[in-house]
Amino acid sequence: MEQDHQRLYSALTARDSRFDGLFFVGVTSTDVYCRPICPAKTPKQANCRFFDSPQQAEHAGFRPCLRCRPELAPGSAPVDDGQRIAQLIVQRLEEGSLDARSGLEAIADQFELSSRQIRRIVQRELGVPPIQLLLTRRLLLAKQLLTETTLPVTDIGFASGFSSLRRFNDAFVGRYRMPPTRLRQKATEDSAAILGDQTSTLQLSYRPPYDWRGVLTFLEARALRGVEHVTGDSYARTVRLGDATGWMRVTQAKSKHALMVEFTHTLMPVLPALLARVRSLFDLNARPDLIAQHLGRDLRLRAAVKANPGLRVPGAFNGFEMGVRAILGQQVTVRAATTIAGRYVETFGLPIATPLAELSRLTPTAARVAAASVDELARHGIIASRAGSIIALAKAQRSGGLQLDGGSHHDPEHSIRQLTELPGIGPWTAHYIAMRALRWPDAFPKEDIVVRNNLGGISVKEAETVSQAWRPWRSYAVMHVWRMEKPRRSGDYVRIIR
């Protein structure tokens, strides 16, 4: 119990949104209970009691915090459909697929409600009507493009979703009390903000230190040929988000704690979604100071934590893509899996023209793969059982029954169970997908042979016991353990880190 208390307190101090809705903290000095993301000052550990639900906290005599509103935590609202509907609408806004009334009608049909009821739910849950959500999204996108690029103001207005320049100007002045051209002045003074006629660049900040080289090494070993290209100082890939396609390239800023994201202007309609996925892929929201402090207490990890400052858990730009890559990596080397994945992309990924010779394919969609046969996959060197697993994953993703994209997963254990119910996906693969695609910081593939060998040749049961001291950051601990083994040849390093 004491160890579990420490794990939850560590998650509380990090204010990590990935834990929101998974537990609640009652503060004995105030008799108030909060969500782990509450902006109030972090209470002393001795004053904290942890609960699985708001009901448990209130039964123990605590009252809900008025700032973080525990009753609205994901999965905990009195009528959780309302919160899920609101989250779905926000997600579709970010993906750029809710620009017309038909979007609300589709969501209403999904929940067997009227569009009028949907609007009422959004107003109650988020405090604004859907049209205001859409306006805010458009204005924030416009503001970012105005301040960080030199795109023409007219192009920015239309790219942000406004039907005319007049409406763009009126909305901007009404919300921000200034014309768009005032922000444009700063952008024109920074000629480095734009890298060409077809691309622009924005920055995404992170908390230092950041192991940029380590992340690139990890991604390079697993890059999908034609879709991704990794060099010693950059990561590039083709992109398909909704109806928008293009490509992007990510580098590290030289004088700032930030990554620079160059993207084609064809992706401007889905820019919020693009940036969110980049943050996920490069784990930019992590708190390396708190994670290293926690893991460094364990003698088994202390040297690794010291040797790898700023270590991150690389995420996934596309959850289905990452799930397929995990299945292909079962019981084979990373190098062999990457070779097979290249053939898979060549067959099932649509071609795309880019100025980079290494980027020529869009990642295969779940719909395309779900329609394939086992024989179609098997002819590319994928054994029949794994081909069946990939098709099952594609069907689950296409149907919406399994979600590997689109933001927070507030019940990761449920998603892991869903994965293991698919044929050919065991606990190791499910936890590996949870580490990266679901962004679950406490995933632990205890069956991993390298993890168990590097911990002294221990059993699966012993690995689970040892890992309890690393919670809630076991995903980061796994990355450290994978790096413990000294490579004897350059290729070995690629082999041992899954």
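Cut-offs and rules
- Residues numbered from 1 in each chain as written.
- Predicted model: local features only at pLDDT ≥ 70, side-chain atom pairs only at ≥ 80, totals over all residues.
- Heavy atoms only, no water.
- Helix = DSSP H or I, 4+ residues; strand = E, 2+ residues; numbered from the N terminus.
- Buried < 20%, exposed > 50% of the residue type's maximum accessible area, 1.4 Å probe, protein only.
- Contact = heavy atoms within 4.5 Å.
- Expected span 1.5 Å × (residues − 1).
- Arc of directions from axis to C-beta.
- Phe/Tyr/Trp six-rings, centres within 6.5 Å; stacked < 30°, edge-to-face > 60°.
- Lys NZ or Arg CZ within 6 Å of the ring centre and 35° of its normal.
- Pairing = 2+ DSSP bridges.
- Axes fitted to C-alpha atoms, helices over the stretch in contact; angles between N-to-C directions.
- pLDDT = per-residue confidence, 0-100.
- Core = buried A, V, L, I, M, F, W, Y, C linked by side-chain atoms within 4.5 Å.

## Considering the overall build of the protein chain
A tally of helices and strands in the protein chain yields 24 helices and nine strands. Among the 498 residues that make up the protein chain, the fraction classed as buried is 53%. Nonlocal contacts in the protein chain, meaning residues at least 24 apart in sequence, comprise 65% of its contacts between residues at least 6 apart.

## What to know about helix α8 (residues 165–176)
Compared with the 16 Å implied by 1.5 Å per residue over twelve residues, the 16 Å span of α8 between its first and last C-alpha is a close match. Along α8, the residues classified as buried are Phe168, Ala171 and Phe172. Down the axis of α8, the sector holding all buried residues measures 100°, keeping them to one side. In the stretch just after α8, Arg177 is the one whose phi turns positive, near 60°.

## Some points on unusual backbone geometry
The residue after Pro208, namely Pro209, is reached through a cis peptide bond having omega -5°. With respect to the secondary-structure elements, Pro209 resides in the loop between β5 (199–205) and α10 (212–221). The omega torsion across Arg471 and Pro472 is 10°, close enough to zero to call that bond cis. Positionally, Pro472 belongs in the loop between α22 (460–467) and α23 (474–482). Phi is positive for Arg15, close to 50°, though the residue is something other than glycine. Its place among the elements puts Arg15 in the loop between α1 (2–14) and β1 (24–27). Look at Arg439: it is not a glycine, yet its phi comes out positive at around 60°. Here Arg439 shows up in the loop between α20 (427–436) and α21 (449–454).

## Side note on the packing of aromatic side chains
Scanning all chains against the criterion turns up 16 aromatic pairs. Plain terms: the ring middles of Tyr210 and Trp212 are 6.4 Å apart, the flat faces sit at 40° to each other, and that makes the pair tilted. You can call Tyr210 buried: its relative accessible area is 11%. Assessed through its relative accessible area of 7%, Trp212 is described here as buried. Chaining the aromatic ring pairs together yields one cluster made of Tyr206, Tyr210, Trp212, Tyr235 and Phe282. Lying across the ring of Phe218, Arg222 places its NZ or CZ 3.6 Å from the centre.

## Quick word on the sheet that holds β1
On the basis of which strands lie adjacent, the open sheet formed by four strands has the order β3-β1-β2-β4 and mixed pairing. Of all strands in the sheet, those bounded by a partner on one side alone are β3 (48–51) and β4 (63–64). Pairing analysis gives two bridges linking strand β2 (residues 32–34) to β4, with the strands arranged parallel. Directly across from Tyr33, in β4, lies its bridge partner Pro64.

## Looking at the sheet that holds strand β6 (residues 228–230)
Reading across from one edge, β5-β9-β8-β7-β6 is the order of the five strands in this open sheet, with antiparallel pairing throughout. The open sheet is flanked by β5 and β6, the only strands paired with a single partner. Taken over all neighbouring pairs, the strand axes of this sheet differ in orientation by 20° on average, direction set aside. One ladder, built from eight bridges, connects strand β7 (residues 234–241) with strand β8 (residues 244–252); its direction is antiparallel. Of the residues in β8, the one forming a bridge with Arg237 is Met248. Of the strands in this sheet, β6, β7, β8 and β9 (258–264) touch α10, which is tilted by about 60° from β7.

## Examining the pairing of β5
Buried residues dominate β5, accounting for five of its seven residues. Pairing of β5 with β9, which is carried by seven bridges, proceeds in the antiparallel orientation. Across the sheet, residue Thr199 finds its bridge partner in β9, namely Thr264.

## Here's the deal with α22
Along α22, the residues that are buried comprise Ala463, Val466 and Ser467. Looking down the long axis of α22, one finds its buried residues gathered within 95° of arc, a one-sided arrangement. Projecting away from the buried face of α22 at angles above 90 degrees are the exposed residues Lys461 and Thr465.

## A word on the pairing of β1
The alternating pattern of β1 places Phe24 and Gly26 and Val25 and Val27 on opposite faces, both of which are buried. Of the pairings in the sheet, the one linking β1 to β3 comprises four bridges and is antiparallel in character. Residue pairing for β3: Gly26 is matched across the bridge by Arg49. In terms of strand pairing, β1 meets β2 through three bridges, oriented antiparallel. Within β2, the residue paired with Val25 across the bridge is Cys34. Linking β1 to β2, which pair antiparallel, is a turn of four residues; within it Asp31 sits at a positive phi near 60°.

## Re the confidence of the model for the protein chain
On average, residues of the protein chain score 84 in pLDDT, and 83% of them are at 70 or above. The secondary structure element of the protein chain with the lowest average pLDDT is helix α24 (residues 490–496), at 37, and the one with the highest is β6, at 98. For the stretch residues 187–196, pLDDT sits under 50, and the model shows 15 contacts to residues farther than four places along the chain or on other chains. This stretch, residues 487–498, has a pLDDT under 50; its non-local contacts, to residues over four places away or in other chains, come to 27 contacts.

## Here's the deal with the environment of Trp440
Position of Trp440 among the secondary structure elements: in the loop between α20 and α21. Residue class for Trp440 comes out buried when judged on its relative accessible area of 8%. When the C-alpha atoms of Trp440 and Arg18 are compared, they prove to be 7.0 Å apart, with 422 residues separating the residues in sequence. Trp440 has contacts with Arg18, Phe19, Leu22, Pro412, Glu413, Ala434, Met435 and Ser475, leaving out every residue within four places of it along the chain.

## Remarks on the nonpolar core
Leu274, Phe282, Leu295, Leu393, Trp470 and Trp482 are the most contacted members of the largest nonpolar core, which has 128 residues in total. Ranked by size, the runner-up nonpolar core spans six residues in total, among them Phe24, Tyr33, Ala57 and Ala73.

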